Structure formats: C-alpha cells, structure tokens
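This is what each chain is made of:
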Amino acid sequence: MTTATATTAETVEELARTVVRERPPATTPTAELMGAWYDAGLAWVHFPRGLGGLEAPRMLQTAANRVLKEAGGPEPRTVNIIGYGIVAGTIVRYAPPELAARLLRPLATGEELWCQLFSEPGAGSDLAGLATRAVRDGDDWVVTGQKVWNSLAHLARWGILLARTDPDVPKHKGLTYFLVDMQSPGVEVRPLRQITGRAQFNEVFLEGVRIPDAMRLGDVGAGWAVSLSTLSDERVGLGDRVPARGAGSIGEALALWAARPDRQTPVLRDRLARLWLRSESHRLTVERAKVAAGHGVFGPEAAITKLVASELNQQVYEFCQELLGLEGTLYESYTSVLEDDDSPTPYQRKFLRSRAATIEGGTSEIQRNIVAERVLRLPADLRNDKNVPWRDVPRS
Amino acid sequence: MNGREFDFTEELGELRTLVRQFCEEQSPEDVVRTTMDSEAGFDPALWRRLGTDLGVLGLHVPEAYGGGDAGLVAQAVVVEELGAALVCGPVLGTLALAVPVLCALSREDVKETHLPGLVSGDRVGTIAGPLLQGTFDAAGVTVTAVEADGGWRLNGAVGHVPDGAAADLVLVPARTPAGTALFLVEGAPAQLRRTPLTTLDQTRRQAELELVDCPAVQIADETETAQVCEQAARVAAVLLAAEQVGGAQVMLGRTVEHASGRYQFGVPIGSFQAVKHRCADMLVAVEQARSAAYHGAWSLQDGTDDPALAASMAKAVASDSYVKVAAAAIQLHGGTGFSWEYPAHLYFKRAATDAVVLGSTEQHIDRIAALVLDAAPGR
Ligand SMILES: Cc1cc2nc3c(=O)[nH]c(=O)nc-3n(C[C@H](O)[C@H](O)[C@H](O)COP(=O)(O)OP(=O)(O)OC[C@H]3O[C@@H](n4cnc5c(N)ncnc54)[C@H](O)[C@@H]3O)c2cc1C
C-alpha cells in the first residue's frame, strides 16, 4: 500500500465527482451507488485503501460528502446509522483485513445493517458490569443473556456484542468483544416501545447463540478496551455533526418562531435568542476543535461537545413546545409504528425524542464525570466494585 | 501572524507566552494588590514597558501609527493574558476604547499625532461618552460643544469614565448645533474636573468628569462620529470578551487545583459529583466563551461575519461565562473563596464589572434577537 501521492481535497472531490457522474444518484439504487462510493475509497477517506478508504486526512471526508449531497445522493451515515457511526471504526482497528473487507462493504452500502448489543437491564451506565455470558466451546463461543434498548436491532443483520467471558476477575477484565450474526439460532429480537409511541429500539434475548471465535475482536478478556474505541466514536458522532448557522434543531425553532407571529412575546424572543447564541457557541466550539484536531491537538473542547449538544437539543424543543402552547398538548398518533414514515416529524415527537439525547451514548451525568476526570483530571468517584471479582459485586 | 479562523499559529502561541511570562514576573498577585491600593491605581512604568519593551499595546494598529499591524486576534491574545493576571492598567480606557476610536477616524493627522503615544504606553487615553452600553447612543450624549474664539468649548458631566482620572487624552462626543461630533481634550486643563470613583473592581478605575468651558479640538464631524464610535465599541466588546476568557480560565484552573487537594470526609472534595460536575460545567462555559470571543476577533479582523452580531455574541457569551465561573469558583473554595487573602474575589469583581461594561448580556441578547429574529425572512 502506498501513500506516496498525498491525497488533497481536490483529489477527493475529483474522485467523488467521478462516482456521481458514472452513477447519477437520482437513477442509481442506493446500494449500487454506495458500493461504488466504497470502492473509490470515499466511505471513510481515512481508512486503508481496499477497506473503503484512501489513507487520507479525516478532515477531507466533508469535501467528499458535500459532492455526494450536491449530486442528490444520501448523507452516507443515514444509510446505516449505527454501522457508520459506531461500528466501522472499531472493525477497521480490530478486525483482521479479510474479515474487515467482508464486513465493511455491505455495511457501507446499507445492505447489512448493524446494531449495538451493549446495554443490559442491569448494566447501562455501568456497562462494564454486564452479565451476558460467553463460554468457549471448541472453535465457538456460546452466548446466553439479555440485551436491551438496542436501536434498530429489529432490522440489523449484525450486532456488536460485549459479553462476560470471566466472572472471577474484576469487571473490566472479564469482558470480550464479538460480532454476532443476528440471524443465528437463539437470537430473539422483541421491539420495545418508546416514549414517542414508536419502537426503534428492542430487547434482544440471546439463548445459546454460537459465535465462531473468528468473530472475536481483540483478545479474550480485552473487550473493554475495544468497546472504549466504539464508545468514543459514538460520542464524537453524537456531538460533532453541527449544521451551519441557523440550521439543525435551532433552525426548526427559528422557523416555528417565524411562522407563528401570533405566539411571539418578548420573553420567548429573549429565550430564543439565548438558545440561538448557545447553538452558535457550540457550533463555533466544534469548528475550533476541528481546526485544533487538524494540527493533531485534541483539547478540552472536543470532550464537551456531546454533553452540550444533547442538553441544547432538549432546550430547543422545550422552547418549541412552549411556543406551540396548547397546540403542543396534542399528538399525531400513539399507534405503534415500527419504521419511520417519510412525513415531516412533528415538533411534539421531536420534543419527546429529545429526552433521549441526555441518556443515549452515555448520560449527561456520566459525561460530566468523564469531562471532570479525564479532561480536568479531578479525582475519581468512590467505587465499590474496584478490584472485586465481578461475581461478588452487589447488583440490583 | 494569523491564519484562518481558530488557527492559533505558533506566533500567536509565542506572543501568549511572552505576555504571560511578563505578567508572572512583573505583575504577580502581590503587585496587583499593592497597585490596586495605590492612588493612581496602576503603574505607569509597567504600562510603558508593555507598550515599548514588549510592543503589545497596539498590535491591531497599523504600523504608520506606531502599531504592530498584527491584527485584532493577536491583540485579543494579549488582552486575554492581561485579564488572566488582572494586570492593573488602562486596558479598558486606552487599549479597548481610545485606540480603536482613533483608528477608526478618517483624519490622518489626528491618528499620526495621537496614536503613537497611546501605543507606546507613554500616554493614557479614554472616551467620555455613552459607549459603555456597548453601542453608541447619541441620545445619551450629555456634553454640549459651542464654537468660541475659533475653537470649541465643552460643557457637561460624564460619569463612569474608565481610567478617567489618569487619562492624558480624553475623547468626548458632544452635541453641536449640527448633531453630535467627537472632540479631544488634551493634558490636564483646569476646566476638566475629575472625581475618582471607588470601584467595585479595585483593579480598574473609573472617574466622573466635569467639563466647564473646557477647550477642545474637533476630531470627527457630525457625519462620522456615530459610526466611528460604533466601530470602536465592537472592537472593545471583543477585546473585553478575550479578557473575560482569560479570567475565567484562571478561575477554573485554581478551582480544579483546590478540589484535587482539599480533603473532607477523608477524600478530595473533587471526588464528589456535586463538585466535579460543577467543574465540568465551568469548563464548558470557558470553552464556549473562548469560541465566541475569538470568533469575534477573527470576524472583525477578516470581515467574515456581521461585525455587530459577532461582537454581541462574543460579549454576551463571555460575560455570562465569566460571571458563572467566578461565582462557582468562590462556592467551590468555601470559606477560602470568600476571604480577602484569596484572589477569587478579585476575579469575581472583575467578572461582575465586565458583565455590565460595554453592554450587559441582556442588551447584547436583545441586539442579537433584533439581528437574527426580528430581521428573519418570512416575518
Ligand atoms: C434512544 C436510546 C437508544 C439507545 N440505543 C442503544 C443501543 O443501540 N445499544 C445499546 O447497547 N444501548 C442503547 N441505549 C442504552 C443507553 O446506552 C443507556 O440507556 C444509558 O447508557 C444509560 O443506562 P441505563 O438506562 O441503564 O441508566 P442507569 O445507568 O441506570 O442510569 C440511571 C440514572 O442514574 C445516573 N447514574 C448512573 N450511574 C451514575 C454515576 N456513576 N454517577 C452519577 N449518576 C449516575 C444516570 O446518569 C441516570 O440519570 C439506548 C438508549 C436510548 C434512550
């Protein structure tokens, strides 16, 4: 593999233009378009060649995606939300190249969707305390346990799974990371209804599910380190996609404000201006973090984006609800719908959905712990389960 | 010296180090405390060294007027460090206000005559007018100008003039028969009476000025004055925002240090979440303020955003952040934070003052609302 010719924004854009010229997004099936996108190394420009990348600086991804979007193509991650946002980075870092090649292309095209099987009824924030057991049996592992709140598991072909392989050591040391075929016998997915009435996440029951050892990422007992790389991709993904000034959730609030002069009051005007200002400070902070990252510097600004984005998202939709007044007390329909329809999402549903922002991907309390302990280097919380075999830790 | 937005180049880093070291050596806390109790409230020799030896008091001023021609971002970095160290000096009156006002004038001769002395730190300047609200409010002008003996005479009183007691050069917007023009009073004429005021923030002085038939020269006419003052107010808001970032960063650092070393109940207090989460929120506040302040500096320097909007954004975010961080610092230091010996109160008072000087957060939010919401298409 060679990196002799430095990849520039121009090369990336040229490659992207070639793909959309040869396969016009309007007339090409998404899977075919994204397949060509992957083959051209544009799925993740910073990945190795042959695995959807060009070994180019990560910053150049934006340029490629812009070309795709302008040609009428999809925002790539929407093709496979969890695949792009959470899984791909871990695969490329930990899977052997042949396995990575086998998995990444259908991930990129959306032909094989992914889900994350981490949380359990007894282990959310304290993920490392999870109880799902994996026991070695010949070339396979046999997995039994229950996962919960697993987004899109009902549509997924693959799951990333964290399971306990040794209950006799402290919790972080006994975990192993697997890739599980959701079509394996013993996997049962039950949709779980959410606050919005819809069911986008699930309970996943694993009953004697056999996973070949070849589908293990990282060493046996080293699953925690692998999962940290996944979680960090997730948090970065949840915080650093900031739309332009006045777009995104604050843009919706501005649109609602403009559409409802009858509801405008000086107090709401003040509140909206403050939210706009916070959205801008957040956007500028993300921009600043990107410039610093371009110089290889990962400063404190990078760590706070998920925390800020999630709380801001809630406040913006709280504002919208208040602007709507009594209209906000009505709801489209609670009839459970499995998949999202294409109709524009009403404010009320977004308002309800925003409650998840401060829970998913690590709660705000946990984010503040992380910022305080990892960035500010404050002393760690008192912990009861340190240096205790997982088996002996009290559980609810 | 400056790259694109948020590209803090090596030169900017060196500039920061230079000023920080100077402050550590020449203006440590005990010097700040002695100086703030002195009659003048600042040390002219130290100010001159900043201007002449370090050459950091006119970085956004063109070379032709003795400046460094390095841009507003560089100047903001300097002001951030001066704010971090609470250096006593005419930062607000001279650096943030008088210099930008003079820079914005069309009269070359005035700039050539008066800027070099301010930039070198030899002289102190200020403006006595309704600029402290963050915009130029012509209706708030309290001084009148009449023509007499081929010159001008000013009459009226102005309160809250930053560095007003020390200023060798006082810029005064005043009413003329044709509108509002800008005048300059030089030296210490008897017709300019100064009453030093006791300020909440002892490191930053104000005075009340009374002009009684005070001779003055006109430096900007009725067509130019409002716009000159307006432009200067934006520069001042951005520089003050940088100062707020500097102070807030210090308070965060001191608090984290304290929370890591102070033991209660057998553990460092920083291991309690009520403490550590507040520290995390302080960090968020500092980082947001830094983004908004430097966006303001880069925008005014390169013309990349609406200057009025960018300046109000900078000032509003930085004011809120500094006040919040300084208050949290006192809280998390407990009794220590409340005591005179510990510097938290100095920062808290600076924060409380900065938050209203050059426009309160509320006023800037209102301006932002006018620009973003009221002017929005579709209304
Ligand atoms: C919409 C949505 C989608 C999700 N998708 C997935 C998915 O695809 N895959 C997956 O594996 N999981 C998923 N999750 C689960 C999510 O990761 C967990 O809900 C989350 O980590 C919190 O865990 P918990 O629900 O068990 O809450 P708990 O951990 O029980 O927390 C309850 C409360 O206690 C607080 N708390 C807990 N520990 C501490 C502490 N040490 N200090 C201070 N406060 C504490 C929390 O902040 C919270 O307020 C999803 C969740 C949601 C809401």
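Residues numbered from 1 in each chain as written. Chains lettered and ligands numbered in written order. Predicted model: local features only at pLDDT ≥ 70, side-chain atom pairs only at ≥ 80, totals over all residues. Heavy atoms only, no water.

Trainee: Would you mind showing me how to read the site of the ligand here?
Mentor: Looking at the ligand, there are 17 residues lining it, with Ser125, Trp149, Thr363 and Glu365 of chain A together with Gln273 of chain B nearest. Note that a nitrogen atom of the ligand is positioned 2.9 Å from one of the side-chain N or O atoms of Ser151 of chain A. Contacts to the ligand include Thr363 of chain A, whose side-chain N or O atom sits 2.6 Å from an oxygen atom. Contact with the protein chains covers 69% of the free accessible surface of the ligand, which is 970 Å². Listed by contribution, the elements that provide at least two residues to the shell around the ligand are strand 3 (140-151) and helix 12 (364-375) of chain A. Per-class residue counts for the shell around the ligand are six nonpolar, nine polar and two charged. Both domains that meet at the shell around the ligand, namely domain 2 (115-227) and domain 3 (229-375) of chain A, each give it at least three residues. (Near = heavy atom within 4 Å. Polar contact = N/O pair within 3.5 Å; in protein donor to acceptor, adjacent residues only side chain to side chain. Areas by Shrake-Rupley, 256 points an atom, 1.4 Å probe, with all protein chains shown as cover. Helix = DSSP H or I, 4+ residues; strand = E, 2+ residues; numbered from the N terminus. Nonpolar A, V, L, I, M, F, W, Y, C, P; charged D, E, K, R; others polar. Domains from an automatic or database assignment.)

Trainee: It is not clear to me how the domain arrangement of chain B should be interpreted in this structure. Could you clarify?
Mentor: Residues and elements named next belong to chain B. Segmenting chain B into domains produces domain 1 (10-124), domain 2 (126-221) and domain 3 (227-374). For domain 1 and domain 3, the distance between their C-alpha centroids amounts to 21 Å. Taken together, the contact pairs 29 residues of domain 1 with 31 residues of domain 3. For domain 1, the biggest contributors to the area lost against domain 3 are Leu72, Glu80 and Leu86; these three give 26% of the whole. Inspection of the domain 1/domain 3 interface yields one salt bridge. For the pair domain 1 and domain 3, the interface holds seven residue pairs in polar contact (both at pLDDT 80 or more). The set of elements that each furnish at least two residues to the side of domain 1 that touches domain 3 consists of helix 1 (10-26), helix 2 (29-37), helix 4 (72-84) and helix 5 (91-103). (Contact = heavy atoms within 4.5 Å. Buried area = accessible area lost by both parts, 1.4 Å probe. Salt bridge = Lys/Arg side-chain N within 4 Å of Asp/Glu carboxyl O.)

Trainee: Looking at this model, I keep getting lost on the pattern of salt bridges. Mind explaining?
Mentor: Side chains bearing opposite charge may pair, as long as their charged atoms lie close to each other. Residue and element names in this part refer to chain A. Here the structure, examined in full by the defined rule, presents 50 salt bridges over all chains. Among the salt bridges present, the one from Asp140 reaches Arg210, with a minimum N-O distance of 3.0 Å. Here Asp140 is found in strand 3, whereas its partner Arg210 is found in strand 7 (residues 201-212), with 70 residues between them in sequence. One continuous salt-bridge network, built from bridges that share partners, spans Glu13, Glu14, Arg17, Arg21 and Arg66.

Trainee: I tried to follow the interface of chain A and chain B on my own but got confused; where do I start?
Mentor: The parts lose accessible area when they come together, and the size of an interface is often stated as this lost area. With 42 residues of chain A at the interface, the matching set in chain B holds 46 residues. With both chains or domains summed, chain A and chain B bury close to 3,600 Å², and 65% of this area falls on carbon and sulfur atoms. On the surface where chain A and chain B come into contact, there are seven salt bridges. For Arg269 of chain A, the salt bridge identified is with Asp374 of chain B, shortest N-O distance 2.8 Å. Every element with two or more residues in the side of chain A that touches chain B is listed here: helix 7 (248-259), helix 8 (266-294), helix 9 (300-303), helix 10 (305-324) and helix 12 of chain A.

Trainee: Sorry if this is basic, but what is going on with the packing of helix 8 of chain A against helix 10 of chain A here?
Mentor: When two helices pack together, their arrangement is captured by the angle between the axes and the distance separating the axes. Residue and element names in this part refer to chain A. Running from N to C, helix 8 and helix 10 cross one another at 160°; their axes reach a closest spacing of 10 Å. In terms of axis orientation, helix 8 runs roughly antiparallel to helix 10. The crossing of helix 8 and helix 10 is left-handed. Contacts between helix 8 and helix 10 involve Leu268, Arg271, Leu272, Leu275, Arg278, Ser279, His282 and Val286 on the former and, on the latter, Thr305, Val308, Ala309, Leu312, Gln315, Val316, Glu318, Phe319, Glu322 and Leu323. Residue classes in the contact of helix 8 with helix 10 are distributed as 10 nonpolar, four polar and four charged. (Axes fitted to C-alpha atoms, helices over the stretch in contact; angles between N-to-C directions. Parallel < 35°, antiparallel > 145°, perpendicular 65-115°, else oblique. Left-handed = near helix turned anticlockwise from the far one by under 90°.)

Trainee: Is there a simple way to think about unusual backbone geometry in this case?
Mentor: All names here are of chain B. Positioned with a positive phi, His160 is a non-glycine residue whose angle comes to about 55°. Structurally, the position occupied by His160 is in strand 3 (residues 151-162). Despite not being glycine, Asp163 has its phi angle at roughly 55°, a positive value. Take Asp163: it is sitting in the loop between strand 3 and strand 4 (169-176). For Asp163, a relative accessible area of 8% translates into the label buried. (Buried < 20%, exposed > 50% of the residue type's maximum accessible area, 1.4 Å probe, protein only.)

Trainee: Please clarify how the packing of helix 7 (residues 225-261) of chain B against helix 11 (residues 344-354) of chain B should be interpreted in this entry.
Mentor: All names here are of chain B. Interhelical geometry of helix 7 versus helix 11 gives an angle of 155° and a closest axis separation of 10 Å. The angle between helix 7 and helix 11 places the two elements in the roughly antiparallel class. The hand of the helix 7/helix 11 crossing is left-handed. Within the contact between the two elements, helix 7 uses Leu240, Glu243, Gln244, Gly247, Val250 and Met251 and helix 11 uses Ala344, Tyr347, Arg350 and Asp354.

Trainee: Whenever I open this one, the pairing of strand 4 (residues 158-164) of chain A confuses me. Can you help?
Mentor: Regular strands place their side chains on alternate faces of the sheet. Residue and element names in this part refer to chain A. Here strand 4 lies mainly inside the structure; seven of its seven residues are buried. Burial along strand 4 is two-sided: the face carrying Trp158, Ile160, Leu162 and Arg164 and the face carrying Gly159, Leu161 and Ala163 are both buried. Note that strand 1 (residues 114-117) and strand 4 share four bridges and pair parallel. The residue of strand 4 that forms the bridge with Leu117 is Leu161. Sheet analysis places strand 4 next to strand 5 (residues 175-181), joined by seven bridges and oriented antiparallel. Each bridged residue has a counterpart across the sheet, and for Trp158 the counterpart in strand 5 is Asp181. (Pairing = 2+ DSSP bridges.)

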